[in-house]
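Listed here are the chains, written in short residue letters.
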Amino acid sequence: NSKINIAIDGPAGAGKSTVARMVAGKLGYVYVDTGAMYRAVTLRMLELGIPPENEDKVLQVARDMVIELKPGEEGQKVLLDGKDVTEQIRSTGINANVSRYAQIEGLRALMVSLQRQMALRKGVVMDGRDIGTTVLPTAEVKVFMTAAVEERARRRFQEMKDPESTSLEQLTRDIAERDRLDAEREVSPLRQASDAVLLDTTRMTISEVSEAIVSLCEAYG
Ligand code: C5P
């Protein structure tokens, strides 16, 4: 019963992280949230006032950062140089800026190599934008999750730590803009891998989606 790797990609708020966590729980696998890594980098850059245009400085600082993803009580904990930043990286300020840093080629190369290391021993459920296409092109199971943008905004709104900082309408616009930046960037844009299974989750529950993915894994093994 050998372990496999599972790649889950898709736009913001499609339910990737919730589903990936459930699938990992069911299979006894490790969940890796790659968006959290780009968010942690963004937090540090905003703290230090380093704009995404200053790519050399971004890279220099990013190379010295230690990002840890740890299983916590309610989902995954994100530590940045030992400090718990799990809630901070979900703020509207991070949402608004993360895609600008995530476009930097050298930064992506750094993140991709860390992500590949985490998947070396298999048994990983990894979610992001470029997992099936770039990070783990040989992942045994690949899923591309989408949902209507209004539905995705509604889901994100519900899980926000600071909902008073925005409105559902504003969030819908922000998500559409982040999708646009992620899909139109030059380096590993958001794309469905040719061998990924497309799941439109607009009218599916979280457990239906995770069961569908677990079935794909069982069909594989
Ligand atoms: O998944 P999440 O919404 O937390 O990702 C935040 C942002 O990080 C995305 O909008 C995207 O710009 C970037 N990202 C990426 N590649 C990944 C994961 C996230 O570019 N694999």
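Small disclaimer: the values here were computed from a predicted structure and weren't measured. Sequence order sets the numbering: in each chain, residues are counted from 1 along the sequence as written. Local features in this predicted model are restricted to residues whose pLDDT is 70 or higher, and side-chain atom pairs enter the listing and the counts only when it is 80 or higher, whereas totals over whole chains, interfaces and linings include all residues.

**Describing the site of the ligand**
Then, in step 1: Taken together, the neighbourhood of the ligand is formed by 14 residues, with Gly35, Tyr38, Ser99, Ala102 and Gly128 sitting nearest.
Then, in step 2: Helix and strand assignments come from DSSP, with helices taken as H or I runs of at least 4 residues and strands as E runs of at least 2, each series counted from the N terminus. Those elements that provide at least two residues to the shell around the ligand are helix H2 (34-48), helix H4 (92-101) and helix H8 (168-184).
Then, in step 3: Tallying contributions element by element places H2 first for the shell around the ligand, with four residues.
Then, in step 4: Gly counts as polar in this scheme, as do all residues outside two lists: the nonpolar Ala, Val, Leu, Ile, Met, Phe, Trp, Tyr, Cys and Pro, and the charged Asp, Glu, Lys and Arg. Considered class by class, the residues forming the shell around the ligand number five nonpolar, four polar and five charged. Each residue gets a C-beta atom placed from its backbone. If that atom is within 6 Å of a molecule or strand, the residue is near it.

**Here we look at helix H1 (residues 16-27)**
Then, in step 1: Here a helix's expected span is defined as the number of its residues, less one, multiplied by 1.5 Å. Between its first and last C-alpha atoms H1 spans 16 Å; for 12 residues at 1.5 Å apiece the expected length is 16 Å, and the two agree.
Then, in step 2: Among the residues trailing H1, glycine 28 stands out with phi positive, at a value near 70 degrees.

**Details of the UniProt feature "domain: Cytidylate kinase" (unreviewed entry) in the protein chain**
Then, in step 1: This chain's UniProt record puts "domain: Cytidylate kinase" (unreviewed entry) on residues 6-217.
Then, in step 2: Regarding residues 6-217, the helix share stands at 50% and the strand share at 17%, and the terminal C-alpha atoms are separated by 8 Å. UniProt positions are given in the numbering used here, feature names are shortened, and annotations may be inferred rather than shown by experiment.

**Concerning the nonpolar core**
As a rule of thumb, nonpolar side chains are buried together in soluble globular proteins.
Then, in step 1: In plain words, the nonpolar core is the set of buried Ala, Val, Leu, Ile, Met, Phe, Trp, Tyr and Cys residues that C-beta atoms within 7 Å link up. For the exposure call, what matters is how many other C-beta atoms sit within 10 Å of a residue's own: 20 or more marks it buried, 12 or fewer exposed, and in between partly exposed, using C-beta atoms placed from the backbone. Counting 48 residues, the largest nonpolar core has Ile8, Tyr101, Val125 and Met126 as the members making the most contacts within it.
Then, in step 2: Sorting elements by how many residues they give to this core places H2 first, with seven residues.

**Notes on the sheet that holds strand E7 (residues 141-146)**
Then, in step 1: For two strands to pair, DSSP has to find at least two bridges joining them. Strand order in this open sheet of five strands is E2-E6-E1-E7-E8, and the pairing throughout is parallel. For this open sheet the edge positions go to strand E2 (30-33) and strand E8 (197-200), each flanked by a neighbour on one side alone. Adjacent strand axes in the sheet meet at a mean angle of 20 degrees when their direction is disregarded.
Then, in step 2: Sheet topology note: the strand E1 (residues 5-9)/E7 ladder contains four bridges and is parallel. By the bridge assignment for E7, aspartate 9 is matched with phenylalanine 144.
Then, in step 3: Any two residues are considered in contact once their C-beta atoms, placed from the backbone, lie within 7 Å. Angles here are taken between N-to-C directions and fall from 0 to 180 degrees, while the axes themselves are lines fitted to C-alpha atoms, restricted in helices to the stretch in contact. Across the sheet, H1 lies against E1, E2, strand E6 (124-128) and E7, angled at about 180 degrees from E6, the strand it touches most.

**Some details on the sheet that holds strand E4 (residues 75-80)**
By definition, the strands of a sheet pair up through backbone hydrogen bonds, in either a parallel or an antiparallel sense.
Then, in step 1: On the basis of which strands lie adjacent, the open sheet formed by three strands has the order E3-E4-E5 and antiparallel pairing. Two strands bound the open sheet, and with one partner strand each, they are strand E3 (67-72) and strand E5 (83-84).
Then, in step 2: Relative to E4, E3 runs antiparallel, the two sharing six bridges. Among the inter-strand pairings, glycine 72 is bridged to a residue of E4, identified as glycine 75.
Then, in step 3: In this fold H2 packs onto E3 and E4, with an angle of close to 35 degrees to the strand it touches most, E4.

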